[in-house]
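Reading the structure
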Amino acid sequence: MLTTLRNAFKVKDVRKKLLYTFIMLVIIRFGSNLPIPGVNTTYFKDFFAKQTGDAFGFFNAITGGSFESLSVLALSITPYITSSIIIQLLTIAIPALEELQQDGEDGRKKIVEYTRYLTVALALLQSSAMAIGFGRQGLLIHFGIKSVVVAVVTMTAGSAFLMWMGERITENGVGNGISVVLLLNILASLPSDFNNLYVRFLKGQTVARMVVAAVIIIAFIVAMVVFTIILQDAERRIPVQYSSKTQGRRSVGGTSSNIPLKVNTAGVIPVIFASSLFSTPIVIGQFLQVNNGSIIGEILTYMNSSMWFKPEAPKYSIGLIVYIILIILFAYFYTSITFNPLEVANNMKKSGGFIPGIRPGKPTSDYFSKILSYIIIIGATGLIIVCIIPIIISGLFNISRLSFTGTSLIIIVGVVLETIKAIESQMLVRNYRGFLLD
């Protein structure tokens, strides 16, 4: 990775793109520290401190702490991420959207336009709920129509601004802009995370214990990163043979290729879906101040991941079983709507391709479905391992959840690998251009 970056800075065009991306990220971090006019910037920080759960933890991590500090970018790009997932799901359910997706560049631009509109609508909805729902409780210094409108407009405009910045990075910078912004937000929490580790395991210890603890922490982080990289990059390659045909006096085709099926076919989406189903009732319960001694309060405690693996209350870890089942189910569900074995098999048949030993058409589709059933469970197991280990450590050692573990680690590794590949591809294109010009 370091070699790729060093070589990239030697290329003028790529260097300009990297500098452009860096300047955009600096502007974003500057905006993350600008408070919304008329709000109590410590409200959510105090609110989180009173809660027993960490339902807002992941949301605050992907906003780079902007949500907790109530900056103008408090909503960050979460409305865009949500709208992208919704549009992707609707593309499968609505034939008109599916036709747009298959309509080339024009169709893609139309879907992007719908995603933008939905992003603004979701940002408007979320900011209104926050300003009105929490406004009377101390979020707004002077609760009134004017302060509510200012807060709603500011948060909605901040989310739209980040979406625009992400698109500019994609167009003029390096990598996928939205992913790069998400990566920046998560990495912004690293200093506080390392400070928490220092206070919990190193501060006040003898030199020998500090060294041992530091080695164990570094080894654990490295092991998790390596495992996540393997999970993100692992793939099953299906060999494909294309039959040859005669055109005029020469024979064309007859080439061999492969179809790479990623082991983690659904990415981080199953974890996000499962976490959302668990955290949303907890957030609503906290907002409505549900009594912990009631039946509903007890159910919410079982759903609270911060209560899992607590030595003093082991019974609440039962909720983890439901969480694991949901991750597996969502992995199968999301893969089924993003990869259509029958469609892939038909496209192969039309282009004269076949899997050696497998007949074209329905048998090929069944073969893909069989391979996917194994791959999905392996990928889901990998996701579960990455997400559960931090929960176990958090429960046993009574420390707050770190932003660079679990779901956030999968995002970090995925975006870094994607960005490095984007840099390498741009350098490769430049080399080809140089070769053609020579």
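Quick note: structure is the one above.
Description of the structure in this document. Residue positions are given per chain, counting from 1 as you read along its sequence in written order. Restriction of local features to residues with pLDDT of at least 70 applies here, the model being predicted, together with a cutoff of 80 or more for giving and counting side-chain atom pairs; totals for whole chains, interfaces and linings are based on all residues. Calculated side-chain values reflect all of the structure's heavy atoms, with hydrogen atoms and water omitted.

Some remarks on the packing of helix α8 (residues 104–133) against helix α10 (residues 145–172)
Two elements in contact, α8 and α10, have axes separated by 8 Å at closest approach and are oriented at 150°. With respect to α10, the element α8 is oriented roughly antiparallel. Considering the relative orientation of α8 and α10, their crossing is right-handed. Facing α8, whose interface residues are Val112, Arg116, Thr119, Val120, Ala123, Leu124, Ser127, Ser128, Met130, Ala131 and Ile132, α10 presents Val148, Ala151, Val152, Met155, Thr156, Ser159, Met163 and Glu167. Charged residues are taken to be Asp, Glu, Lys and Arg, nonpolar residues to be Ala, Val, Leu, Ile, Met, Phe, Trp, Tyr, Cys and Pro, and polar residues to be all remaining types, Gly included. Each residue belonging to the contact of α8 with α10 can be placed in one class, and the counts come to 12 nonpolar, 5 polar and 2 charged. Here, axes are lines fitted to C-alpha atoms. For helices the fit covers the stretch in contact, and angles between N-to-C directions go from 0 to 180 degrees. Each helix corresponds to a stretch of at least 4 residues labelled H or I by DSSP, and each strand to a stretch of at least 2 residues labelled E; elements are numbered beginning at the N terminus. An angle below 35 degrees is read as roughly parallel, one above 145 as roughly antiparallel, one from 65 to 115 as roughly perpendicular, and any other as oblique. Left-handed describes a crossing whose near helix is turned anticlockwise from the far helix through less than a right angle; right-handed describes the clockwise counterpart. Throughout, a contact is declared for two residues whenever any of their heavy atoms are within 4.5 Å.

Looking at the pattern of salt bridges
Definition used for salt bridges: Asp or Glu carboxyl oxygen within 4 Å of a side-chain nitrogen of Lys or Arg. If you walk through the whole model with that rule in mind, you get 7 salt bridges. With a shortest N-O distance of 2.8 Å, Arg168 and Glu171 are connected by a salt bridge. Remark: Glu171 and Arg168 occur in helix α10; sequence separation between them is 3 residues, near one turn of the helix. The residue Asp366 makes a salt bridge to Lys362 at a minimum N-O spacing of 2.9 Å. Placement of both Asp366 and Lys362 in helix α18 (residues 362–397) is noted, with a separation of 4 residues, approximately one turn of the helix.

Here we look at the environment of Ile132
For Ile132, the location among the structural elements is in helix α8. A sequence separation of 15 residues divides Ile132 from Ser147, and the C-alpha atoms of the two residues are 10.0 Å apart. Those residues in contact with Ile132, other than ones at most four positions away along the chain, are Phe143 and Val148.

A look at the environment of Ile423
Examined against the element boundaries, Ile423 turns out to sit in helix α19 (residues 407–437). As for Ile423 and Leu18, which are separated by 405 residues in sequence, their C-alpha atoms are 9.1 Å apart.

Here we look at the sheet that holds strand β5 (residues 353–354)
Only strands that DSSP links by at least two bridges are regarded as paired with each other. Reading across the sheet, the 3 strands line up as β4-β1-β5 and stay open at both edges, with antiparallel pairing between neighbours. For this open sheet the edge positions go to β4 (256–262) and β5, each flanked by a neighbour on one side alone. Where strand β1 (residues 235–242) and β5 come together, 2 bridges link them in antiparallel fashion. In the strand pairing of β5, Tyr242 is matched with Gly353.

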